[in-house]
Each structure stands twice: as structure tokens, then as C-alpha cells.
Amino acid sequence: MAPHSEYTFHRHLHKDYPEIVRGEGNYLITNDEQAIFDGCSGAAVSCIGHGNKRVIRAISDQLNATGTPYLASSFWNSGVVNLLCKELIEGTGGKMARVYLTGSGSEAMEAAIKLSRQFFLEKTPPEPSRVNFITRESSYHGNTIGALGVSGHTARRQPYLPFLMKNVHQISSCYPYRQRNEGESDADFVARKAAELEKKFRDLGPETVIAFIAEPIVGAALGCAPSVPGYFKAMQEVCHKYGALFILDEVMCGMGRTGTLHAWEAEDVIPDIQTNAKGLGGGYQPIAAMMISEKVVNGIMNGSGEFIHGHTYQAMPVQAAAALEVQRIIREDKLLENVSIQGEYLGKLLKDYLGNHPNVGDIRGRGLFWGVEFVKEKATKEPFDSNIAYKLRDLILSPFNMAVYPGTGTADGKRGDHIIIAPPYTVKKEEVETIAITILFAVNLFFF
């Protein structure tokens, strides 16, 4: 056990966690000098690796030059905060209008939930009857009560069900591996999903629905499950047909993780509200963002002008300084190009090495965001009865000295296992090869 660890309320009190003493590029170094390759960037966070001198200097300069790591956003403006928001809006090509900065992805989702409701109250005439949200099964939008309420992650919701919002209504996820009918084309699959959403609108009463909320590529709940072509375009059309908002959660899959700065760029849609987090600050500061379309901004601007919401630690200058430098590095070093090139290579190697393994059901992803789903029986896609993803994660960590992100409940909310591979955007070709061969060795050893 690490020194003084007994004073920390760890996520699991029966687990002894390795102590990390420093980070060097794509590696984490333990207190016994083991070098661990960060094959998942933590929780898909450390997008430019560890110990980046430019970001550390930007944080230090903000502290030393101004002495204001924190400013109360209800009192003061901040130049570095405004520069970050400008950088983010320009990154959308002007397709989004304003940015609201928070301290975590869950906080950003809470803000999106509130803003979407307030938008309809501020309309002329107001639409107070809009109280319902439509979300998806096997989704994850955060751990605070509101964000968890719109999530479909069964295990994380279960202990808190009595607390969660009753105005959230779920439809099925977009999960072709387990949902596509035999011989069903992409177009027919999309049409079936759009019809399901439209039926939900009609069942609830279209005038009662605030928004549809979804992740462009589902991370923790489904293990990097992308949609099929045309899915999000069809879902957006249903939303706008009935006057509801279209909200995309890119907390895990956004800010370059999938090869475009925003995952929706590959989907031919523009959200009304979008959330970002993990790849925004790359773990150098806790920061997230809600990005808002001109339509929603104007709705508030032409009404009260005030968003009835706020957090103490929102839009902190030190957070913004770190995130601004991370985003500049991604842009200036052309890391999105590397994400696309190495991501395509990673996907190819994973499929080549593991595609025929009897316990590998599906390999899916985009960019540097890949999931491997494990099954008891390949032909029937039957999941394992006991959760194996965490055991496999532990094996990959030791003796193979690589970190991956495990997930369970993939198949039906309770059964099913996957791991996520999401290395930093700076990953090199030879490191991609090491990732793939390490997972191959570990999987073969585990299922031997």
C-alpha cells in the first residue's frame, strides 16, 4: 500500500492502487520505477500525454504573471477565458456561437439540461409544457444527479434510482453489432431508429419534449460504439420537426479523439447544444465546456439575458490557460492528422490480430477511440455471466505494463464486457504496434 493511502477514500476501498510519481510523455512512472504505457489516456483524458512543458509553463505564467488562478465569474471578466472561448468557436468554423466553461463533464451536462429548459421558457411565446427529455439506453452522461438521470448506464444508475428525474424517457441505443437484423441495410437500420424516436415524441406529446440527448460515439457504456452513416442526421430531423433541441454529449469522444475536432463533423449535423471535457484540458486542469448554437444564444439574449445557473469554480483563468495551450498544441502540431493516421492503423491491427479470436465479438471505433467487446460464444454473441473486463485490465497492467479502460454491462446493462483503447494523440506508429501486440498476448493468455 502506498504511504498514507489509508487516509484517502479511494474509489474501491478493497483495492490497492499503484502509486504514480511522475508522467513522461505517453508513460506513467510508478513509485517502484515501473513505466506504464498509458494506452487509454486515463479515462480518455490525457490527449497530449504527460509532463508537457508548454502547458505547464502556461499554467505557471497564469499564476505568476497575474496572481489570479480564480476569478468569480459573476463579478469579473477574464482575457484568457475569452481567448479560450474564441479558440473553441473558431474550431467549429463559426457553427457554434458561445461557450460556457465548467469544471467537469457532468457539470457541463447539468448546464445543458438547465439551459435547454430555460430556452423554451424564454421563447416568445413561452413553451412551459416542454418538460421531457429523450435519451438512449446504454448511454452515459455523467455522475451528478441530473446528468445521471439522463444516462442509460444501468449499474451506475441503480443505487440512485429513487433520486433520478422521472421526466427522462429512453429509446434504444445505436448498436448495430447486437441490434441489426439479418440482411438489414444501413438505410433500413437508420429508418427503424428514426421511427422509434418519432414514436417516442408522439407518445409523450411532441409539445412536451425539450431535447434528444446522445453521444456521437458511445464511450464508457458501450465501448466506443459509433453510429451507422445517416443515423444522427435522421435523429436531428425528427427533433427539429417537433421543435425540440438536439444535444450532443462529446465529453469523452470529442476535442479530437475521433480524428475531427468535434465528432459531429463526421455526421453531417450541427448540434443545438454540445458538451466537451476530457480532451479539452488534457488532464492538466479540470475543465469542461458547453458550446451553444446561435439559435439557443439568441433565445436567451432576446429574453432575460441571464442564464439561471452557475458554479463557484467555473471559467477559472488557470483552467482556461491550460486548455487554451492544449488546444493550440493540437492545432499547431497537427495532432488531428496523427489521430486519423494512427487510429486507422490501430483499428486495422486490432482487427487483424483479434478479429478471429473465439472470445472477441466486435472491434469498433474511430480515430484513437477503439473498443474490443468480449463474448462467451462468438456465433451467438452470448456475453459472459461474470464481469471479466476488469480482470483483463489487471492482467494487461501487470505483467504487460499497459493501461486500458474496462467496461461492463455492454450487452444488456448487466452482462457484457469491453475494453477501451484510447492512447494520447501523440502516439507513434511503433507504439500503436506495441499496443496491438500487447493486447493480443494478454487476450490469448487470459482466455487460454
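Refer to the structure presented above.
Now for a quick tour of the structure. If you're wondering where the values come from, they're calculated on a predicted model, not measured in any experiment.

## Details of the overall build of the protein
- Counting its regular elements, the protein contains 15 helices and 17 strands.
- For 448 residues, the compact-globule formula gives about 22 Å, and the C-alpha radius of gyration of the protein, at 22 Å, lands near that figure.
- For the protein, restricting intrachain contacts to residue pairs at least 6 apart in sequence, the fraction spanning at least 24 positions comes to 71%.
- Of the accessible surface of the protein, which amounts to about 19400 Å², a share of 54% is contributed by carbon and sulfur atoms.

## What about the pairing of strand β3 (residues 35-38)?
- For strand β2 (residues 27-30) and β3, the ladder comprises three bridges, and the chain directions are antiparallel. Within β3, the position partnered with Tyr27 by the bridge is Phe37.
- Here β2 folds back onto β3, and the loop between the two strands holds four residues, one of which, Glu33, carries a positive phi near 65°.
- Sheet topology places β3 next to strand β15 (residues 402-403); two bridges connect them, and they run parallel. Across the sheet, the residue bridging to Asp38 is Ala403, located in β15.

## As for the environment of Asp16
- With respect to the helices, strands and loops of the structure, Asp16 is situated in the segment before β1 (20-24).
- Separated by 11 residues in sequence, Asp16 and Ser5 place their C-alpha atoms 8.9 Å apart.
- Once residues within four sequence positions are removed from consideration, Asp16 is found in contact with Met1 and Ala2.

## Considerations on the nonpolar core
- In this structure, Leu84, Leu101, Leu197, Phe201 and Phe212 are the most contacted members of the largest nonpolar core, which totals 44 residues.
- Setting aside residues no more than four positions away along its own chain, Leu197 makes contact with Ile134, Ile171, Phe212, Met235, Val238 and Cys239.

## Details of the packing of helix α4 (residues 105-122) against helix α11 (residues 294-301)
- Remark: α4 packs on α11, axes separated minimally by 9 Å, with the N-to-C direction vectors making an angle of 55°. When the axis of α4 is compared with that of α11, the two are oblique. You can see that α4 and α11 cross each other, and the crossing is left-handed. Here Leu115, Gln118, Phe119 and Glu122 of α4 lie close against α11, whose contacting residues are Lys295, Val296, Gly299 and Ile300.
- Considering only residue class, the contact of α4 with α11 consists of four nonpolar, two polar and two charged.

## Focus: the sheet that holds strand β4 (residues 98-102)
- Reading across the sheet, the seven strands line up as β4-β12-β11-β10-β7-β5-β6 and stay open at both edges, with mixed pairing between neighbours. Each edge of the open sheet carries a strand with a single partner, namely β4 and β6 (168-171). With direction set aside, neighbouring strand axes in the sheet form an average angle of 20°.
- Strands in contact with helix α8 (residues 186-204) are β5 (132-136), β6 and β7 (209-214); relative to β6, the strand with the most contacts, it is inclined by about 150°.
- Across the face of the sheet, α11 comes into contact with β4, β10 (245-250), β11 (273-276) and β12 (288-292) while running at roughly 85° to β12.

## Things to note about the pattern of salt bridges
- Counting across every chain of the model gives 27 salt bridges.
- One salt bridge in this structure joins Glu184 and Arg192, with 2.8 Å as the shortest N-O distance.
- According to the relative accessible area criterion, Glu184 is buried, its value standing at 13%.
- The exposure class of Arg192 is partly exposed, given its relative accessible area of 32%.
- Members of the salt-bridge network, linked through shared partners, are Lys376, Glu382, Asp385, Asp412 and Arg415.

## Considering α8
- With 19 residues, α8 extends 27 Å between its outermost C-alpha atoms, agreeing within 8% with the 27 Å of an ideal straight helix rising 1.5 Å per residue.
- Buried within α8 are the following residues: Phe189, Val190, Lys193, Ala194, Leu197, Glu198 and Phe201.
- On its buried face, α8 is in contact with β5, β6, α7 (176-179), β7 and α9 (231-241).

Rules and cut-offs
- Residues numbered from 1 in each chain as written.
- Predicted model: local features only at pLDDT ≥ 70, side-chain atom pairs only at ≥ 80, totals over all residues.
- Heavy atoms only, no water.
- Helix = DSSP H or I, 4+ residues; strand = E, 2+ residues; numbered from the N terminus.
- Rg over C-alpha atoms; globule rule 2.2 N^0.38 Å.
- Contact = heavy atoms within 4.5 Å.
- Areas by Shrake-Rupley, 256 points an atom, 1.4 Å probe, with all protein chains shown as cover.
- Pairing = 2+ DSSP bridges.
- Core = buried A, V, L, I, M, F, W, Y, C linked by side-chain atoms within 4.5 Å.
- Buried < 20%, exposed > 50% of the residue type's maximum accessible area, 1.4 Å probe, protein only.
- Axes fitted to C-alpha atoms, helices over the stretch in contact; angles between N-to-C directions.
- Parallel < 35°, antiparallel > 145°, perpendicular 65-115°, else oblique.
- Left-handed = near helix turned anticlockwise from the far one by under 90°.
- Nonpolar A, V, L, I, M, F, W, Y, C, P; charged D, E, K, R; others polar.
- Salt bridge = Lys/Arg side-chain N within 4 Å of Asp/Glu carboxyl O.
- Expected span 1.5 Å × (residues − 1).

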